[in-house]
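Spelled out from the first residue to the last, the chains are:
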Amino acid sequence: MLHRPSFAGTETTVSRLKSLYLYVRDAHGAGEADDLLARLELSSSDLANETRPVSMALWLAALEAFAGKYGKEALAETWRGVIHPDNLGVWMRVLRGVTSPEGAFRQLDGLGSEEVRTGRWETMDCSTGHWRGRVYLTHDPRFEREGLLSLARAAELKGVPALFGLGPGNVKLLTNERHTFASRTNSAFQEYVVDWQAEPVRGRERIWVALGAATVGATAGLITPALGLLGALGGAAAGAFGVERARKAKLEALAQEGQRVRLAALERGTQLREVPQNKGTVRYEEGSVVAGAYRLGAQLGSGANGVIHAAVRLSDQTPVAIKLLRLAVAHDAVASDRLRREAEAMGLAWHPNVVELYDHGMLPDGTAYLVMELLRGESLASRLQRQGKLTSEELLPIALSLCDALGAVHAAGVIHRDLKPSNIFLVDKGQDKPTAVKVLDFGIARVEWAETRITMAGAPVGTPGYMSPEQEGGREGSVDARTDIYALGAVLHECLTGETPKLPEEPEGAPVRTFTPASGIQRAMPAGAGDYWPAKLRAAMAGHPHEPVWQSVLRGALAREPRDRFVDARALKKAIAPLDPTAAESPDEGGVAKSG
């Protein structure tokens, strides 16, 4: 099952579904074409805009349904749907400024739309009537296992000469469906060769000459052999003249056909661009199809920037959750960056205790979307609001899972920067099954090797009560994995006491230094390391057998200075381990960092 694509190129365009539909409609009737769409839970209205993005998984599902009904070999004939006048919107950039198939093949990398490329093509060799090139596979290689995508690409290439009235090309796949890797780019690719008759008239040239010579020569030969020879030569000349006239007429007709197709593609692309942005694009309504791949269900939540819906992935009926950026803020750079950053971070930090990313992209109107696993249960914030404090036994498995999640996140070069109870989800696995823990919302995460556009110098990024002192002070250069350790300590503190930790009061008479957060209010900081000593925790856990362990954990997580905190999540987990009767002894050493 194509369950978790984690590759960048997970989208194509509706044109590829539409080519199958148009071929079936013209070859087998509208009824069978509608039946094909029904198997995909689509309607003809979903194909109205061929430049709209759809998932690669849906394209593969459509190819499987087509091949199951008509056979794989029938895919070769779908080139007729590829170049259908109603499907030319994706060819606009390919045909722009060219007058021959050779020119179109050289611009094949433009196939798709402004939002989506249908592949990364590279021309290796191109001459009159011949092209050889590669398509680089940036998507999950599991899509290629059955070879259906290769056959569909071959049909597209076959149709390129036909766009210029030359008839379909002859296509050969040089690399098999298991693909090859290019050492230069370390990318998987498939290589194709296309040949076509560049000037069909020349193929009949000998016939014209022979007929002319035979006709004239035979007539003259009835008189004398000498006249027969002269007649044959004259007939050949007449035939050659006729061939040249026919050839020029055919070339002129081909040029006109190419011009007609280019104009049709331009008009079609312009027509689609002029469609109002809210027409044919996502409507946040139950039953709508988003990105051609997901049917929306009930709304799960909403906020200032967007909504989250339950949904079903059409290709395999997998339940998912989809986050949609509202149209009003779709073109806002910061809001868009947050969703992109969230997708980027989730894709890097895969772990059973991190919400799983399935897909993400951009809709034609600029609305960003993010598809993730659908979780059932409640947030840790809801649990605390409903229940109040947690017992040590209830908190232990949650704390251990969060340590594991942060360990994976940090190993991937991601700093969450907003860990808090509302971003921690307790998944209900059903009766007699332990609750699973998932870390959510990487919207302000920092990916260490990526640009940090949403971070503004001097402004704190995070949630008050869970931000570390360096984070609250806007000292972005000091933010690292230990910032998340502090936030986890604050979450544990709240679970045990019902309150987030407070900065300790300034000891009377102690030398202090100050920092100024974005609020402009100066706060006193003790001159020393300032270990946090949670008096409220001592009172809340008085007499509790596990008090010493939790005291040690919170002291190491909530230290004011990063250098005095646990060095990483593994060290924090090691400090919690004595509370876990099932924990095995680990030879790995962990502890509190003692240097900046």
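Residues numbered from 1 in each chain as written. Predicted model: local features only at pLDDT ≥ 70, side-chain atom pairs only at ≥ 80, totals over all residues. Heavy atoms only, no water.

*Asks:* Give me the overall build of the chain: which residues, what numbers.
*Replies:* Assigned secondary structure in the chain consists of 17 helices and 20 strands. Within the chain, buried positions represent 52% of all 596 residues. Here the analysis covers contacts within the chain between residues at least 6 apart in sequence; of these, 66% occur between residues at least 24 apart. Counting only carbon and sulfur atoms, one obtains 53% of the accessible surface of the chain, whose full area is about 27300 Å². (Helix = DSSP H or I, 4+ residues; strand = E, 2+ residues; numbered from the N terminus. Buried < 20%, exposed > 50% of the residue type's maximum accessible area, 1.4 Å probe, protein only. Contact = heavy atoms within 4.5 Å. Areas by Shrake-Rupley, 256 points an atom, 1.4 Å probe, with all protein chains shown as cover.)

*Asks:* Report on helix H12 (residues 392-411), specifying residues and quantitative values.
*Replies:* Look at H12: 28 Å from first C-alpha to last across 20 residues, which is about the 28 Å you get at 1.5 Å a residue. Most of H12 is tucked away: 14 of the 20 residues are buried. (Expected span 1.5 Å × (residues − 1).)

*Asks:* Provide a residue-level description of the pattern of salt bridges, including the pertinent values.
*Replies:* For the structure shown, the criterion picks out 18 salt bridges. Glu 191 is the partner of Arg 132 in a salt bridge, and the nearest nitrogen-oxygen pair spans 2.4 Å. Taken as a pair, Arg 132 in strand S4 (residues 130-137) and Glu 191 in strand S7 (residues 187-195) lie far apart in primary sequence, 59 residues in all. Given the relative accessible area of 27%, Arg 132 is considered partly exposed. (Salt bridge = Lys/Arg side-chain N within 4 Å of Asp/Glu carboxyl O.)

*Asks:* Please provide a residue-by-residue account of the sheet that holds strand S14 (residues 377-379), values included.
*Replies:* Strand order in the open sheet formed by 3 strands is S14-S16-S17, and the pairing between neighbours is antiparallel. Sheet topology places S14 and strand S17 (436-439) at the edges, where each strand pairs with a single neighbour. Averaged over all neighbouring strand pairs, the angle between strand axes comes to 25°, with direction disregarded. When S14 meets strand S16 (residues 424-427), the two strands line up antiparallel, connected through 3 bridges. Within S16, the residue paired with Ser 379 across the bridge is Phe 425. Docked against the sheet, helix H11 (residues 380-387) engages S14 and S16, running at close to 85° with respect to S14. (Pairing = 2+ DSSP bridges. Axes fitted to C-alpha atoms, helices over the stretch in contact; angles between N-to-C directions.)

*Asks:* An account of the nonpolar core is needed here, citing residue identities and associated values.
*Replies:* Ranked by internal contacts, the top residues of the largest apolar core, which has 61 residues, are Leu 380, Phe 442, Leu 492 and Ile 576. Per-element accounting of this core gives the leading share, 10 residues, to H12. In contact with Ile 576, not counting residues within four places along its chain, are Leu 396, Ala 399, Leu 400, Cys 403, Leu 492 and Val 553. Counting 34 residues, the second largest nonpolar core, distinct from the first, contains Leu 17, Leu 47, Met 56 and Ala 67. (Core = buried A, V, L, I, M, F, W, Y, C linked by side-chain atoms within 4.5 Å.)

*Asks:* Tell me about empty space enclosed by the protein, residues and numbers included.
*Replies:* Under the counting rule described, the total for this entry stands at 6 cavities of 30 Å³ or more. By volume, the largest cavity amounts to about 80 Å³. Together, Thr 13, Ser 15, Arg 16, Ser 19, Val 82, Asn 87, Val 90, Trp 91, Leu 111, Thr 118 and Glu 156 line the largest cavity. At 3 residues, the largest contribution of residues to the lining of the largest cavity is made by helix H1 (residues 15-28). (1 Å grid on protein atoms, 1.4 Å probe; cavity = no way out; pocket = protein on both sides within 12 Å on 5 of 7 lines; lining within 4 Å. Points joined across faces, edges and corners; volume = space filled by probe spheres on them.)

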